[in-house]
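# Architecture at a glance
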Amino acid sequence: MKVVASVPSQPEPAALKPYCLARLTRGLGATLTTAEIWLDYVNYGKDCELTRYTRGQFLRLLPLHIHELFGLTKSHDIRRQGRQKRGFRGLSLSSAPGSRPGGQVNAATNNAA
């Protein structure tokens, strides 16, 4: 007979698909870096009081959801402050009613991604 220990489960992190549908939209000529999307996701999670993915989990899962929902693939040459960053072409933050106010993210605060 095996002894199985019960481990308390942690709350499920906020799903990315609802975030992507609420906050991201296609935009002709628009670009977003993964850092800009991450900062918006963090603020979105704070506003909605959701447990969120870690940055590493988020950056691994994001391209799959973006491709599934918008048909876009990650680019590695999005220009920000004279440097190339990872991100998505044809994607912008939504400012539609029902989305989190303050759709613009200050890219200068996070140059990591």
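The next thing to look at is helix H1 (residues 16-23). Along H1, the residues classified as buried are Leu16, Tyr19, Cys20 and Arg23. Projected down its long axis, H1 carries its buried residues within an arc of 100 degrees, all on one side.

Moving on to the sheet that holds strand S2 (residues 75-80). Ordered by their spatial adjacency, three strands build an open sheet running S1-S3-S2, and the pairing between neighbours is antiparallel. Only two strands of the sheet have a single neighbouring strand rather than two, namely strand S1 (24-33) and S2. Across the sheet, the mean angle separating the axes of adjacent strands is 50 degrees when strand polarity is ignored. Sheet analysis places S1 next to strand S3 (residues 83-93), joined by six bridges and oriented antiparallel. Pairing of Leu32 across the sheet is with Phe88, part of S3. The strands that H1 touches are S1 and S3; relative to S1, the one it contacts most, it runs at about 110 degrees.

Cut-offs used in this document
- Residues numbered from 1 in each chain as written.
- Predicted model: local features only at pLDDT ≥ 70, side-chain atom pairs only at ≥ 80, totals over all residues.
- Heavy atoms only, no water.
- Buried < 20%, exposed > 50% of the residue type's maximum accessible area, 1.4 Å probe, protein only.
- Helix = DSSP H or I, 4+ residues; strand = E, 2+ residues; numbered from the N terminus.
- Arc of directions from axis to C-beta.
- Pairing = 2+ DSSP bridges.
- Axes fitted to C-alpha atoms, helices over the stretch in contact; angles between N-to-C directions.
- Contact = heavy atoms within 4.5 Å.

The values are spatial; any link to function lies outside them.
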